[in-house]
Amino acid sequence: MELKYRHEYKFALSVSDYFIVRSRLLAALRHDPHAGTTGEYGIRSVYFDNLEDKALREKLDGVNNREKFRIRYYNGELSYLTLEKKSKRDGLCSKKGDSITAQEADRLFHGDTGWMKASGRPVAAELYSKMKTQQLRPKTVVDYLREPFVFPPGNVRITLDRELHTALFQPDLLEKPLAMLPAGNGVLLEVKYDEFLPEMIRDLVQLGNRQAGAFSKYAASRAFG
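Residues numbered from 1 in each chain as written. Predicted model: local features only at pLDDT ≥ 70, side-chain atom pairs only at ≥ 80, totals over all residues. Heavy atoms only, no water.

## Examining the pairing of strand β3 (residues 41–49)
Within β3, nine of the nine residues are buried, which leaves the element mostly enclosed by the surrounding structure. Going residue by residue along β3, you find Tyr 41, Ile 43, Ser 45, Tyr 47 and Asp 49 tucked away on one face and Gly 42, Arg 44, Val 46 and Phe 48 tucked away on the opposite face as well. Pairing of β3 with strand β7 (residues 137–151) involves nine bridges; the strand directions are antiparallel. Its bridge partner lying in β7, Ile 43 is registered against Tyr 144. In the sheet, β3 pairs with strand β4 (residues 66–74) via five bridges, with the strands oriented antiparallel. For Ser 45, the partnering residue across the bridge sits in β4 and is Arg 72. (Buried < 20%, exposed > 50% of the residue type's maximum accessible area, 1.4 Å probe, protein only. Helix = DSSP H or I, 4+ residues; strand = E, 2+ residues; numbered from the N terminus. Pairing = 2+ DSSP bridges.)

## Structural notes on the packing of aromatic side chains
Scanning the entire structure with this criterion turns up five aromatic pairs. Aromatic pair Tyr 9 and Tyr 193: ring centres 6.1 Å apart, planes at 25 degrees, arrangement stacked. With a gap of 184 residues between them, Tyr 9 in strand β1 (residues 6–13) and Tyr 193 in strand β10 (residues 187–193) connect regions that are remote in the sequence. When its relative accessible area of 37% is taken as the criterion, Tyr 9 is described as partly exposed. Centre to centre, the rings of Tyr 47 and Tyr 218 are 5.1 Å apart; their planes meet at 35 degrees, and the pair counts as tilted. Of the two residues, Tyr 47 sits in strand β3 while Tyr 218 sits in helix α7 (residues 217–221), which places them 171 residues apart along the sequence. Residue class for Tyr 47 comes out buried when judged on its relative accessible area of 3%. (Phe/Tyr/Trp six-rings, centres within 6.5 Å; stacked < 30°, edge-to-face > 60°.)

## Some remarks on the nonpolar core
Of all hydrophobic cores here, the largest spans 27 residues; its most connected members are Ile 71, Leu 108, Phe 109, Met 116, Leu 127 and Leu 173. Elements represented by at least two residues in this core include exactly β3, β4, β5 (77–89), α3 (102–109), α4 (114–117) and α5 (122–133). Tallying contributions element by element places α5 first for this core, with five residues. With sequence-adjacent residues up to four places away left out, Phe 109 is seen in contact with Val 46, Ile 71, Pro 138, Phe 169, Pro 171, Leu 173 and Leu 174. Counting 20 residues, the second largest nonpolar core, distinct from the first, contains Phe 11, Val 21, Leu 25 and Phe 149. (Core = buried A, V, L, I, M, F, W, Y, C linked by side-chain atoms within 4.5 Å. Contact = heavy atoms within 4.5 Å.)

## Some details on empty space enclosed by the protein
Here the structure, examined in full by the defined rule, presents one cavity of 30 Å³ or more. For the largest cavity, the full set of lining residues is Phe 48, Lys 54, Ala 55, Glu 67, Lys 68, Phe 69, Gln 134 and Leu 136. At the level of secondary structure, the elements contributing two or more residues to the lining of the largest cavity comprise α2 (54–60) and β4. At three residues, β4 tops the list of elements feeding residues into the lining of the largest cavity. A per-class count over the lining of the largest cavity returns four nonpolar, one polar and three charged. (1 Å grid on protein atoms, 1.4 Å probe; cavity = no way out; pocket = protein on both sides within 12 Å on 5 of 7 lines; lining within 4 Å. Points joined across faces, edges and corners; volume = space filled by probe spheres on them. Nonpolar A, V, L, I, M, F, W, Y, C, P; charged D, E, K, R; others polar.)

## Description of the layout of surface pockets
When its volume is computed, the largest pocket comes out at roughly 1,000 Å³. The element best represented in the lining of the largest pocket is β4, accounting for six residues. Its residues assigned to classes, the lining of the largest pocket shows twelve nonpolar, eight polar and 21 charged.

## Some details on unusual backbone geometry
Where the residue is not glycine, phi is negative for most of them; where a peptide bond is considered, it is trans in most cases. Phi is positive for Asp 53, close to 55 degrees, though the residue is something other than glycine. Of note, Asp 53 is situated in the loop between β3 and α2. Residue classification places Asp 53 among the buried positions, given a relative accessible area of 15%. Although it is not a glycine, Asp 90 sits at a positive phi angle of roughly 50 degrees. Within the secondary structure layout, Asp 90 lies in the loop between β5 and β6 (92–100). The exposure class of Asp 90 is exposed, given its relative accessible area of 57%.

## Points about helix α1 (residues 15–28)
In a regular helix each residue adds 1.5 Å, so 14 residues correspond to 20 Å; α1 covers 20 Å between its end C-alpha atoms and thus fits that length. Among the residues of α1, Asp 17, Tyr 18, Val 21 and Leu 25 are the ones counted as buried. Angularly, the buried residues of α1 cover 100 degrees about the axis, an arc narrow enough to put them on a single face. Exposed and oriented more than 90 degrees from the buried face of α1 are Phe 19 and Ala 27. Buried residues along α1 sit in contact with β1, β7, β8 (156–168), β10 and α6 (199–205). (Expected span 1.5 Å × (residues − 1). Arc of directions from axis to C-beta.)

By themselves, these are just geometric observations and shouldn't be taken as functional.
Structure below.
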């Protein structure tokens, strides 16, 4: 399946900037329906890397074509997990994923990967191959709260991510609570869109001369190991 690449820009916001941007977004856009009545949800991601920190080093070095794998679930709910591969090429991003069960994730976390090869799911099969050839392994856990907004023209999605926490990977993380550490007290604004970004959206997220950055939740989490 051909990947669909999208534009993606990130801005690290101060607390005061966050309240300014959020008030604009609330006045002009609607929340993503998946956010439910509260307008936000919790995300936990388990990122993979190898002993040489391939994914981390490629990110920090600004490698043009790179990828990373993660397992993600929402609001602590284990009935729906996704195994995702996120790719970046020429400044554009794409993502594809497979649904997996909590039992499958738990087996993977404890080193049982045989099910992935025979699963018939392309991302699982690719991760299985790279766990063998590149020695990828679960490396770190990242938690945060996300408030998502959508704007259909341009297929725009804007998210505000806050309360970023991290912990070193533990194989039994699905059964036992982790001791999470704060990984920054700011807010990350992400803007994603297809071919064009409407001028209205540019105005909503504009904050003086602030430029988009290369903030990475995974890189921020690795400051702790």
